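A structural walkthrough
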Amino acid sequence: MSVEQIAPIITKALSANKTEQDEAQEQLNNFKPHPDYATSLLSILLRQDAPLAARQMAGVLLKQFVESSWTECPHNATKDVVKANILPGLGDSISKIRSSVAAVISEIACLDFPDNWTGVFDNLLAMLLLVNPIKFMES
C-alpha cells in the first residue's frame, strides 16, 4: 500500500455522501494490518501539498491506529519509521497539523516511552533549537 493508494480513500471518507464514507471507512479498516498503513498516514499528514482536510483526516486515523493497534502491531520497523519522522511535524506552518502531530506523539509516548522511545526528549530538545520556538510551543 502506498500514499497514492490511500490518499483517494481518505478523500472519499471526507465525502458528504454517506455511502462513500462507509465504503472508504471499510477500506481503511481493511488496510490497518498492512505494514505501510501507519507510514502512509504519516506521509499524508506531513505532506505540505496535500489538502488540509486530508491531512487532518490522516492525523485522526493515525492517532486512532496508535490508540487501538500500536501495542499489538507486529511491524516494529513501521513503528520506528513513524517515531523517527513524526517530530518534524511539530514545526508545520499550520497549527491544526501541529496539534494533530502533537496528539499522535502523545499517544505514542504514552505507550512506548521510556523503554521503546528512548531518544524522544533529546529529539524534542533538538527541535526546539531548529524551529520557531513560539510555533513549537503552540503545539
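Residues numbered from 1 in each chain as written. Predicted model: local features only at pLDDT ≥ 70, side-chain atom pairs only at ≥ 80, totals over all residues. Heavy atoms only, no water.

Inspection of the secondary structure assignment puts Asp92 in the loop between α5 (76–86) and α6 (95–112). Within polar-contact distance, the side chain of Asp92 engages the side chain of Arg55 at 2.5 Å. (Helix = DSSP H or I, 4+ residues; strand = E, 2+ residues; numbered from the N terminus. Polar contact = N/O pair within 3.5 Å; in protein donor to acceptor, adjacent residues only side chain to side chain.)

The next point concerns the confidence of the model for the chain. Considering every residue of the chain, the mean pLDDT works out to 92; 94% of them sit at 70 or more. Within the chain, helix α3 (residues 37–46) carries the highest mean pLDDT (98), whereas helix α8 (residues 133–138) carries the lowest (59). (pLDDT = per-residue confidence, 0-100.)

Its 18 residues give helix α4 (residues 52–69) an end-to-end C-alpha distance of 25 Å, which sits within 8% of 26 Å, the value for a rise of 1.5 Å per residue. Of the residues making up α4, those classed as buried are Ala54, Arg55, Met57, Ala58, Gly59, Leu61, Leu62, Phe65, Val66 and Ser69. Tucked into the core, α4 has its buried residues touching α1 (3–13), α2 (18–31), α3, α5 and α6. (Expected span 1.5 Å × (residues − 1). Buried < 20%, exposed > 50% of the residue type's maximum accessible area, 1.4 Å probe, protein only. Contact = heavy atoms within 4.5 Å.)

So, about the packing of α1 against α2. Running from N to C, α1 and α2 point in directions that differ by 140 degrees, and their axes come no closer than 7 Å. The angle between α1 and α2 places the two elements in the oblique class. In this structure, α1 crosses over α2, and the sense of that crossing is left-handed. Taken together, the residues of α2 that come into contact with α1 (itself represented by Ile6, Ile9, Ile10, Lys12 and Ala13) are Glu20, Gln21, Glu23, Ala24, Gln27, Leu28 and Phe31. Considering only residue class, the contact of α1 with α2 consists of seven nonpolar, two polar and three charged. (Axes fitted to C-alpha atoms, helices over the stretch in contact; angles between N-to-C directions. Parallel < 35°, antiparallel > 145°, perpendicular 65-115°, else oblique. Left-handed = near helix turned anticlockwise from the far one by under 90°. Nonpolar A, V, L, I, M, F, W, Y, C, P; charged D, E, K, R; others polar.)

A full pass over the atoms with the stated rule returns three aromatic pairs. With 5.0 Å between their ring centres and 85 degrees between their planes, Phe113 and Phe121 make a pair best called edge-to-face. Under the relative-accessibility criterion, Phe113 is labelled partly exposed at 33%. Following the ring pairs from residue to residue traces out a cluster consisting of Tyr37, Phe65 and Trp70. (Phe/Tyr/Trp six-rings, centres within 6.5 Å; stacked < 30°, edge-to-face > 60°.)

Turning next to the environment of Ser40. Relative to the assigned elements, Ser40 resides in helix α3. By relative accessible area, Ser40 is classed as buried at 4%. In this structure the C-alpha to C-alpha distance between Ser40 and Ala58, which are 18 residues apart in sequence, comes to 8.7 Å.

As a further point, take the pattern of salt bridges. Tallied over the full model, the rule gives six salt bridges. Here Glu23 ties to Lys12 by a salt bridge, and the two come within 3.2 Å at their closest N and O atoms. Taken together, the residues Glu23 in helix α2 and Lys12 in helix α1 connect sequence positions 11 residues apart. Residue Lys12 is classed as partly exposed on the basis of its relative accessible area of 27%. Here Glu67 makes a salt bridge to Lys63, at a shortest N to O gap of 2.8 Å. Of this pair, Glu67 and Lys63 both sit in helix α4, four residues apart, roughly one helical turn. (Salt bridge = Lys/Arg side-chain N within 4 Å of Asp/Glu carboxyl O.)

Turning to α3, a few remarks are in order. Most of α3 is tucked away, with eight of its 10 residues classed as buried. Among all positions of α3, only Tyr37, Ala38, Thr39, Ser40, Leu41, Leu42, Ile44 and Leu45 are buried. Taken together, the buried residues of α3 touch α1, α2, α4, α5 and α6.

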